[in-house]
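One letter stands for each residue in the lines below.
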Amino acid sequence: MSRNDDLPHVPSRRLMPAPSRRLMLKGAALAAGALAIAPPPATASPKAAPFVNPLVRQRADPYIHRHADGHYYFTATVPEYDRIVLRRSRTLNGLATAAESVIWTKHATGVMGAHIWAPEIHRIGGKWYVYFASAPAESVWDIRIWVLENANPDPFQGTWVEKGQLKTAWETFSLDATTFTHRGTRYLAWAQHEPGMDNNTALWLSRMANPWTLTGPQIRLSTPEYDWETVGYKVNEGPAVIARQGRLFLSYSASATDWHYCMGLLSVDANADLMDPANWSKSPTPVFTSNDTTRQYGPGHNCFTVAEDGRSDVLVYHARQYKEITGDPLNDPNRHTRIQRLGWHPDGTPDFGVPVADTVKESV
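Residues numbered from 1 in each chain as written. Predicted model: local features only at pLDDT ≥ 70, side-chain atom pairs only at ≥ 80, totals over all residues. Heavy atoms only, no water.

Draft legend 1. Inspection of the side chain of T75 at higher detail. Locating T75 in the fold gives a position in strand β2 (residues 72-77). A polar side-chain atom of T75 sits 2.6 Å from the main-chain carbonyl oxygen of V85. (Helix = DSSP H or I, 4+ residues; strand = E, 2+ residues; numbered from the N terminus. Polar contact = N/O pair within 3.5 Å; in protein donor to acceptor, adjacent residues only side chain to side chain.)

Right, dumping it as structure tokens:
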């Protein structure tokens, strides 16, 4: 993780110039926006315990923050869509059995009264912040981004103060905010419907004046355009950022939240202006999809963290253990939090692999 506690990375090597978009999209090996960089040399590190999967049952849109105090902090969407929960453990596997606390509950009426979705916990400037999506109790699809703040060093203590709605350029459906810093500047990436566009949500980026306020322009990073991004719904959502060897990679989720849900990837050179959309390249193929062999379906809404050795990159995501769903997938509670090793291709792009098979039997 980076020193700002936001952006997972491994130590950067010499930066190399970014290839053109034409070269980025040429060939399967470059489909994820690759740099032709040799992988870092292998180094011995302590062997971590095998990951337990599912890690946390019935917790979708997971977010894990590895903090300087040696703990992993976990939050996610609960099936009731009515509260924000938090767990803490010194190990990733320990999150499975860690005590869970409710740190905030939806309002009975008015704003922040419905669809409490996709919380993320971040440590910024000596305070804790939670970004989440919600809607008014009386208008449950008017979903917007909201922010909580806690000045206590321990996020399980103190008071979570409602900082209000994080305002974007439009009052339209918006969700899945994540924040990171790059070269001293803090950014927000999120999903939002743009007025007049024939899609549900696109991905956006803006600089931040403070943890709850955007500043300057907001740019569109990606809009649903490929067949795999438009199954059921035209969706790009759930952005997550990881840095390695002179590049930033932004993963995201696409299509409806059934077994068609999958992940795509954007990339940008670390030397480039992140606020110029032309500097970003997009994979024309998904990088993480359902798998019949391992029986994992609809993998997505991911984040990144590192293993206990402080070096090994870890992919965090949710998936279901079955393909067929009765009714609206949003009413199906069994999107479970899962974790697995994130690999790296020789060309410098992340290797997501396939969603791994279960290691834990469903209890009866």
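Read on for the rest.
Draft legend 2. Expanded view of the sheet that holds strand β9 (residues 174-182). One open sheet accounts for 4 strands, arranged β9-β10-β11-β12; its pairing is antiparallel. With partners counted over all chains shown, the strands left at the sheet margins are β9 and β12 (213-222), one partner each. Between one strand and the next, the sheet's axes are offset by a mean angle of 25°, whatever the strand orientation. (Pairing = 2+ DSSP bridges. Axes fitted to C-alpha atoms, helices over the stretch in contact; angles between N-to-C directions.)

Draft legend 3. Here's a closer look at empty space enclosed by the protein. Overall, the coordinates contain 2 cavities of 30 Å³ or more when judged by the stated rule. For the second largest cavity, the calculated volume is near 50 Å³. Along its surface, the second largest cavity is lined by Q58, R59, A60, T77, V78, P79, Y81, D332, P333 and R335. Considered class by class, the residues forming the lining of the second largest cavity number 5 nonpolar, 2 polar and 3 charged. (1 Å grid on protein atoms, 1.4 Å probe; cavity = no way out; pocket = protein on both sides within 12 Å on 5 of 7 lines; lining within 4 Å. Points joined across faces, edges and corners; volume = space filled by probe spheres on them. Nonpolar A, V, L, I, M, F, W, Y, C, P; charged D, E, K, R; others polar.)

Draft legend 4. Local environment of the sheet that holds strand β7 (residues 144-150). Strand order across the open sheet formed by 4 strands is β5-β6-β7-β8, with antiparallel pairing between neighbours. At either end of the open sheet lies a strand with only one pairing partner, and these are β5 (114-124) and β8 (161-165). Within the sheet, the average angular offset between the axes of one strand and its neighbour, ignoring direction, is 25°. Taken together, the 4 bridges between β7 and β8 define a ladder with antiparallel strand orientation. Note that in β8 the partner of E149 across the bridge is V161.

Draft legend 5. Fine view of the pattern of salt bridges. Here the structure, examined in full by the defined rule, presents 18 salt bridges. For E100, the salt bridge goes to R87, with nearest N and O atoms at 2.8 Å. Taken together, the positions of E100 in the loop between β3 (83-89) and β4 (101-105) and R87 in strand β3 put the pair 13 residues apart, joining distant regions of the chain. D198 is paired through a salt bridge with K234; the nearest N and O atoms lie 2.7 Å apart. (Salt bridge = Lys/Arg side-chain N within 4 Å of Asp/Glu carboxyl O.)

Draft legend 6. Representation of the side chain of S134 in the model. Residue placement: S134 occurs in strand β6 (residues 127-135). In this structure the side chain of S134 is engaged in a polar contact, spanning 3.3 Å, whose partner is the side chain of W146. For S134, the residues in contact, after removing those within four places along its chain, are M112, A114, H115, I116, D142, I143, R144 and W146. (Contact = heavy atoms within 4.5 Å.)

Draft legend 7. Just the layout of surface pockets, in detail. Each pocket or cavity is described by its volume, and for the second largest pocket that value is around 540 Å³. In this structure, the second largest pocket is lined by 23 residues; those nearest its centre are W117, F173, E237, T257 and L330. Taken together, the residues of the lining of the second largest pocket sort by class into 11 nonpolar, 7 polar and 5 charged.

Draft legend 8. Molecular detail of the packing of aromatic side chains. Counted by the stated rule, this structure contains 14 aromatic pairs. Of the aromatic side chains, those joined through ring pairs into one cluster are F288, F304, Y317 and F352. One residue, K163, lies across the ring of W212, its end atom 4.1 Å from the ring centre. Over the ring of W259 we find K323, and its NZ or CZ is 4.3 Å from the ring centre. (Phe/Tyr/Trp six-rings, centres within 6.5 Å; stacked < 30°, edge-to-face > 60°. Lys NZ or Arg CZ within 6 Å of the ring centre and 35° of its normal.)

Draft legend 9. Geometry of the environment of T109. You can see T109 is positioned in the loop between β4 and β5. With 28 residues separating them in the primary sequence, T109 and A137 have C-alpha atoms 5.2 Å apart. When residues no more than four places from it in sequence are discounted, the contact partners of T109 are A137 and E138.

Draft legend 10. Fine view of the nonpolar core. Core analysis: the biggest nonpolar cluster contains 29 residues, and I64 and F132 have the highest contact counts within it. If you list the elements that add at least two residues to this core, you get β1 (60-66), β2, β3, β4, β5, β6, β7 and β18 (313-320). Element by element, the count of residues in this core is highest for β2, at 4 residues. Among the nonpolar cores identified, the runner-up in size contains 28 residues, and Y81, A191, A254 and W280 belong to it. (Core = buried A, V, L, I, M, F, W, Y, C linked by side-chain atoms within 4.5 Å. Buried < 20%, exposed > 50% of the residue type's maximum accessible area, 1.4 Å probe, protein only.)

Draft legend 11. How the structure looks around the environment of E237. With respect to the helices and strands, E237 occurs in strand β13 (residues 236-244). Residue E237 is classed as buried on the basis of its relative accessible area, which comes to 12%. Residues E237 and A202, spaced 35 residues apart in sequence, show a C-alpha to C-alpha distance of 6.8 Å. Ignoring any residue separated from it by four or fewer positions in sequence, one finds E237 in contact with L175, D176, A191, T201, L203, Y252, S253, T257 and Y261. At 2.5 Å, the side chain of E237 and the side chain of Y261 are in polar contact.

Draft legend 12. Representation of the environment of E149. Structurally, E149 can be placed in strand β7. With relative accessibility at 9%, the residue E149 sits in the buried group. In the structure, E149 is positioned 26 residues away from R123 in sequence and 9.7 Å away in space, judged by C-alpha atoms. E149 has contacts with K127, W128, Y129, T159, W160, V161, K163 and W212, leaving out every residue within four places of it along the chain.

Any functional reading would require information that these geometric values do not contain.
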